[in-house]
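# Structure at a glance
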Amino acid sequence: MPRPLNVILDLTARCNLKCVMCHFSSADRLVFPPFDRSISDDGTLPVEVFERIAADLFPRAWRVALACAAEPMIHPRFREILAIAARYGVPDLWFPTNLLALTPATAASIVENRVTTVAASIDGFTKDTYEKIRVPAKWERLLACLDLLAAARRESGSKTPRLRIIFTWMKSNRGDLALLPEFAAAHGASEIDVRFVSPTEGVDVGPQLLSDEDPEALNAELAAVAHEAVRRGLRLASFPQFESRATRPRGLAARAARRLWRMRAGLDRLEYLRYAWYRRVNGCAYPGRNYVIRPNGAVHPCNYWNADPIGFYPQDGIGAIAAGAPLARILEGLRTGRPVGTCDGCQERGFTTMYRLRSGASTRAATARLPTHPG
Ligand SMILES: C[S@@+](CC[C@H](N)C(=O)[O-])C[C@H]1O[C@@H](n2cnc3c(N)ncnc32)[C@H](O)[C@@H]1O
Ligand code: SF4
């Protein structure tokens, strides 16, 4: 069966941390429209609803993210969730996490259920920086969790999960970016994901933005880190744009070398060409191929959508949602150049890649939104 879908879910509306740049620094629980709808008292996605979503979507998904805006591993039945997900052999099953709720049993279950990638968010590489950002996390606990995951993988002789480290760059960890390649390699990571801190609902990230800094200095630092990471064998799962037209090499040989390096780094990949094609043909790459499911069961056509959902789990199935009037209106609006709902004015529509790579100057997003890793 073809697998055209990218599914992004949140298993819970909560987190065990209150990171300084995150919506959880000012809220205990995330709420999603329609605000009067909930399918559990504690904000977790019921396992029975997850089971229905998985049966509907996962057989046709090439990528599934088990988290987006909240912390997946605090779901009280996380191991059952992994076992259900494993039934469908999704080629890219992954989740972002702060890793701190990892136990030996969860680590074993992650390996056993063939999670492809665990993306650990680590925004500082000294105890001081890490603990100032990831409140109230403890550096020693993070290191113990990294060891636990590595041991589970080693003991089972498994190549998965790959470890990705996500680093959100901001004033508080301005100097730590340079330490990322060494830390990642030392802890057995195979990928890194670097993003600028961005405006977020309910949080004043103004003091953390790097947008007042010299873009040339930021780009030079990004370039050095990218090259050092690739030299150490790390893939750049996502990385801010650090080249400008002016700094790109000229001449055939230099251009070819650059292209080869970017392919080796993971910055130029087939996935992006596919998105560019869908965007060209459909006006946007996401609706109809992306399904984003909030912990209240609301289904959105992409990660940026904040208007009415296009359906609800558990009562609607994917057949009804995919063929329904709300999605049809969105697709028609994009195709005809008369976008509706959040599409009207959306910044993502104009970009050719799934990951919107930010330059220093463009960290001032026009609209605040939930920070996520959309991949
Ligand atoms: C919201 S968290 C949810 C998953 C999990 N709790 C974690 O920390 O990875 C997803 C990612 O968003 C990043 N993030 C949080 N606030 C952000 C912001 N204001 N700008 C950019 N990224 C942000 C986090 O560092 C994390 O890598
Ligand atoms: S970044 Fe992740 S760990 Fe930190 S508060 Fe937000 S959701 Fe929780």
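### Re helix H1 (residues 47-57)
Where H1 is concerned, the buried positions are Val47, Val49, Phe50, Ile53, Ala54 and Leu57. Seen along its axis, H1 keeps its buried residues to an arc of 155°; they face one direction. Of the surrounding elements, those touching the buried residues of H1 are strand S1 (5-9), strand S2 (61-65), helix H2 (78-86), strand S8 (290-293) and helix H10 (318-323).

### Here we look at unusual backbone geometry
With glycine set apart, most residues show a phi of negative sign, and most peptide bonds adopt trans. Omega for the bond connecting threonine 160 with proline 161 falls within 30 degrees of zero, at 0°, which places this linkage in the cis form. Along the chain, the position of proline 161 falls in the loop between helix H5 (139-156) and strand S5 (162-169). Backbone torsion omega between tyrosine 313 and proline 314 reads 10°, so that peptide bond is classified as cis. Note that proline 314 resides in the loop between strand S10 (311-312) and H10. Not every positive phi belongs to a glycine, and leucine 99 is a case in point at roughly 75°.

### Describing the site of ligand 1
Near ligand 1 you find 19 residues, and of these Met21, Ser121, Arg134, Ser198 and Thr200 are the closest. Separating an oxygen atom of ligand 1 from a side-chain N or O atom of serine 121 is a distance of 2.5 Å. At 3.2 Å, a side-chain N or O of threonine 168 approaches an oxygen atom of ligand 1. Burial of ligand 1 by the protein chains amounts to 97% of its free accessible area of 540 Å².

### Observations regarding the nonpolar core
One finds Phe50, Leu57, Phe58, Leu236 and Phe239 to be the most contacted residues of the largest nonpolar core, which totals 107 residues. With 7 residues, the top contributor of residues to this core is helix H7 (residues 215-231). The next biggest cluster of nonpolar side chains, apart from the first, holds 7 residues, and it includes Ile8, Ala65, Cys68 and Ile166.

### Focus on the side chain of aspartate 10
Locating aspartate 10 in the fold gives a position in the loop between S1 and H1. For aspartate 10, which is buried and forms no salt bridge, the nearest opposite charge comes from arginine 294, at a distance of 4.6 Å. Polar contacts involving the side chain of aspartate 10 include one to the main-chain amide nitrogen of alanine 70, which spans 3.2 Å. Not counting residues within four places of it along the chain, the set of residues in contact with aspartate 10 comprises Leu45, Ala67, Cys68, Ala69, Ala70, Ile293, Arg294 and Pro295.

Cut-offs applied
Residues numbered from 1 in each chain as written. Chains lettered and ligands numbered in written order. Predicted model: local features only at pLDDT ≥ 70, side-chain atom pairs only at ≥ 80, totals over all residues. Heavy atoms only, no water. Buried < 20%, exposed > 50% of the residue type's maximum accessible area, 1.4 Å probe, protein only. Helix = DSSP H or I, 4+ residues; strand = E, 2+ residues; numbered from the N terminus. Arc of directions from axis to C-beta. Contact = heavy atoms within 4.5 Å. Near = heavy atom within 4 Å. Polar contact = N/O pair within 3.5 Å; in protein donor to acceptor, adjacent residues only side chain to side chain. Areas by Shrake-Rupley, 256 points an atom, 1.4 Å probe, with all protein chains shown as cover. Core = buried A, V, L, I, M, F, W, Y, C linked by side-chain atoms within 4.5 Å. Lys, Arg positive; Asp, Glu negative; His and termini not counted. Salt bridge = Lys/Arg side-chain N within 4 Å of Asp/Glu carboxyl O.

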